Amino acid sequence: MLFKIMLFAVGVLIQVLLCIGVHENTNFPMASNGQMFPWNKMRLPARIIPIHYDLQVHPNLTTSTFTGLAKIQIFIRQETSNIVLHAKHLDISNATIALTRDGVTHPESSLHVLEYPPFEQVALENAKSLNSGESYIVSIYYTANLSESFYGFYKSTYKTSEGDKRILASTHFEPTSARMGFPCFDEPSFKANFSIKIKREKQHIALSNMPIIKSLPTADGLLEDYFDVSVKMSTYLVAFIVCDFKSVSAVTSTGIKVSIYAAPDKWNQTHYALEAAVKLLEFYEHYFNIYYPLPKQDLVAIPDFESGAMENWGLTTYRETSLLYHPETSSALDKLWITMVIGHELAHQGDYFLGTCFAAMGRDAMNSSRPISTSAENPTQIKEMFDTVSYDKGACILHMLRHFLTEEAFRSGLVHYLQKYSYGNTRNEDLWNSLTKNCTEEDFTSGGFCYSDSQAAKNAYHYTVEHLDIKEIMNTWTLQKGIPVIIVERNGTSVRLQQERFLKGILPEDSSWASLQSGYLWHVPLTYITSNSKTIGRHLLKTKSGHIELEREAQWVKFNVDMNGYYIVHYTSGGWDALINLLNRNHTLLSQKDRANLLHDAFQLVSAGKLSLDRALDLTRYLRHERKSIPVLKGVGYLEVFYRMVVKRNITDVATNLKNYILQFFKQLIDSQSWSDDGTVSDRLLRSSLLELVCDLEYHPCVQKASTYFNQWRKSNGTINLPTDVLEIVYSVGAQSSDGWDYLLTKYMQSVSGTEKSKILSALASTRNPEKLAWLLELSLQGDIIKLQNLAHVVVTVSRKPHGQLLAWNFLKKNWSKLMEKFELGSSTVRWLVIGVTSQLSSQEELEEVEMFFDSIKEQSSQLRCTQIAKENIHKNIKWLERNLDILREWFLKA
């Protein structure tokens, strides 16, 4: 996540994978003053393009306002008398225009300003036509309030260790909020260069995308910082901050200065991020064979930040818990998260990546999913595009393509793509073409790796000897929604293959099933191993059905090796029996990724009605001998989901049997966990996840150990250091008593460690005391003691507990209007709240109540895709229980 060019390595370059389109209107609307507004489309006209912005911004942190002057050099492509651009919540006091020709700027003339808030646009009307082929300087003077949200140029606060409140101002412009910071052509295609000047008080510093070239005193006793001219970039990548932060810096091997900024009391938590950022930046330069294009890279921990991070060029902003590492309170998972957010795509080359694809498949297996490339009509829909489908599925299909092409060919194609389209706009096919035709003259003269159409079959592809059309293959993954299930039927050496669209909660006997299958076909790069294979078999399935002939008969066959493919696999004709027997006999014959993949596919197939629940549960019996974190946590995770579901429905007999089964079946593994920070990252993740679950299930040895630790910690007034991997577990057990809960809230207010505060907050939300939970929910809405950025985390965590489900749902309904004032419609917070609070509802009555509420806010809910997801989730849960409750009860009675 260090700079935008590199994001495509994991498929999160939204501009490549999103096609943003709008419906056109033939009638011109009325501006806010009653006059006709001269434009009627949400997308800006292409007749004018910006060349350069000269921005002067002065934030007043005392009054929470800012003034600005935007001087925009524009080029006229088509004669017009109107300049239409974006502005939102900006009070424009004056606008002028001046012709520039041959280096000479002509006298200014006034522009008439019209505003059309529904499209967040302003029109600047000139008395005379602006001639095609000419350049002009447009000067716009404006004032505004610092935003109280997490978008635009917004206010953030923090408290010092002495309790003093400090204010800073920071930007977050992605995807459509640059228009809240300055008038601009706020669409990705309108790239330009930026010169930025920031006025500030002497006790503050100013940061922007580029380095400061000079600072000059002003007549009013302030300082004005002048930043170097930026590279050509989109408006959403512009960033500037005024704060009193301290920094730590280092220089990479290629001379790039990397700095980590944080509040002064948290300066000592910046050093791990600096070490990681330097190493990752050097890795990226080597991997992509592209030098970082800017002279510096700043990473800043913002106290109020909605998402995980934002990759503004040269000035990346982060939530504090995504950047700051405290050795005494940050766990192995915290460290992994920081590394992943800083490096983003690098983390996706580890075992952690399986979880990313598990999440993407779960979302994509629902009919409410969408294609990666989807049209969006307005800012709300554009914001909703920053979701699991764009990020996680995008990363997973590129991961699959990397294994399809080979690492060398994929990397070579990416480098070619990035070099060819740097600072430009791209379409899906530009990447696919780069991966197919990545030869340059330099390749032939330097002897570097390269392949072309004619070389593709013999040099790059494992699958077939015929030429492959990468665009044709990848269009089946980006232009249609969903995920395929590959049905494998083996008879001797003959393997018959069939593909269908995989759907959870919609069964073949349902009336809608056939229509939902119609028209779906993927080009699937299959991989497989057998009991006899020495190498990985490969086959590209381009039709509804296909056939593979094995070299010799095998005891078992397993498809989707190491889960490098984005598809589900179902085995018929005894295929599952053979794999279950294999795992029971010697599970190490398959990799831990393959074992986790089998567990995942089996329980997903239960939701689709293709595999019985008892067979999927039979598969988990081998876990008695499993010690690797990925398959253990995947298997235990499904059992926990079933337990939570029946507890919330008050099905006590099944809940009791399931709980006892988990505690007894995994007892040896549970009891072997040490309460320490020892071991590998995987060992530590297994420890913290397993102990958290069994303590929540009130396993006496776990609760007793955690209580002892909590009492010791409390007796020392929080001064002793506990093992970081079990901190949240200790806090959660301590929070079950009223005085323990109160003590934790006090420590929360005192702590300067973001990771510690996050752990305490989760513990506070785990209490079984409804009065405490109701109070916690209100505190999260007030945004003082608990920052507003943590509201969704609190509400969703409360909802996941049986005693908190109704509280959280009622809180969401009661405070919907307030939430809409604080968070933008379509934002990740709103999406997380809607999906998270409803995800475990499983009765018809609950579905009807949710539908009724969404109908009551139809003006907003109709614009949101997340409301469809929420309703489909509940429907899926209802169907699952109807089909599987008796099987679940019977299996655990016999277990």
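Higher on the page you've got the structure.
Report on the accompanying structure.

Reading the values: the criteria
- Residues numbered from 1 in each chain as written.
- Predicted model: local features only at pLDDT ≥ 70, side-chain atom pairs only at ≥ 80, totals over all residues.
- Heavy atoms only, no water.
- Helix = DSSP H or I, 4+ residues; strand = E, 2+ residues; numbered from the N terminus.
- Rg over C-alpha atoms; globule rule 2.2 N^0.38 Å.
- Buried < 20%, exposed > 50% of the residue type's maximum accessible area, 1.4 Å probe, protein only.
- Core = buried A, V, L, I, M, F, W, Y, C linked by side-chain atoms within 4.5 Å.
- Expected span 1.5 Å × (residues − 1).
- Patch = residues over 30% accessible without salt bridge, like charges linked within 9 Å, V, L, I, M, F, W, Y side chains within 5 Å.
- Areas by Shrake-Rupley, 256 points an atom, 1.4 Å probe, with all protein chains shown as cover.
- Salt bridge = Lys/Arg side-chain N within 4 Å of Asp/Glu carboxyl O.
- Pairing = 2+ DSSP bridges.
- Axes fitted to C-alpha atoms, helices over the stretch in contact; angles between N-to-C directions.

Points about the overall build of the protein chain
Tallying secondary structure elements over the protein chain gives 31 helices and 28 strands in all. Computed over the C-alpha atoms, the radius of gyration of the protein chain is 29 Å, within 12% of the 29 Å expected from 2.2 N^0.38 for a compact globule of 895 residues. Based on the C-alpha atoms only, the size of the protein chain along its principal axes is roughly 90 × 75 × 55 Å. Looking at the protein chain as a whole, 60% of its 895 residues are labelled buried.

Quick look at the nonpolar core
If you look at the biggest cluster of nonpolar residues, it comprises 282 residues, and the most contacted ones within it are Ile 83 and Phe 559. When residues in this core are grouped by element, the largest group, 11 residues, is from helix H2 (residues 271–288).

Considering helix H13 (residues 575–586)
Taking 1.5 Å per residue as the helical rise, H13 with its 12 residues ought to reach 16 Å, and the 17 Å between its terminal C-alpha atoms agrees with that figure. Every buried residue of H13 is listed here: Gly 575, Trp 576, Ala 578, Leu 579, Ile 580, Leu 582 and Leu 583.

Things to note about a nonpolar patch on the surface
Together, Phe 28, Met 30 and Met 36 make up a nonpolar patch on the protein surface, roughly 330 Å² of accessible area in all. Mapped onto the elements, Phe 28 comes out in the loop between helix H1 (14–17) and strand S1 (48–60).

Overview of the sheet that holds strand S8 (residues 121–130)
Pairing within the open sheet is antiparallel, and its three strands lie in the order S3-S8-S7. On the outer flanks of this sheet lie strand S3 (80–86) and strand S7 (112–116), each paired with one strand and no other. The sheet shows a mean angle of 25 degrees between the axes of neighbouring strands, taken without regard to direction.

What about the pattern of salt bridges?
Working definition: two side chains of opposite charge can pair if their charged atoms are close together. Summed over the entire model, instances satisfying the criterion amount to 40 salt bridges. Put simply, Arg 101 and Glu 134 hold a salt bridge, and the shortest N to O gap is 2.4 Å. Note that Arg 101 is positioned in strand S4 (residues 91–101) and Glu 134 in the loop between S8 and strand S9 (135–145), a separation of 33 residues in sequence. A salt bridge links Asp 244 to Arg 166; the nearest nitrogen and oxygen atoms lie 3.0 Å apart. With Asp 244 in the loop between strand S16 (240–243) and strand S17 (246–251) and Arg 166 in strand S11 (residues 165–172), the pair connects residues that are 78 residues apart, well separated along the chain.

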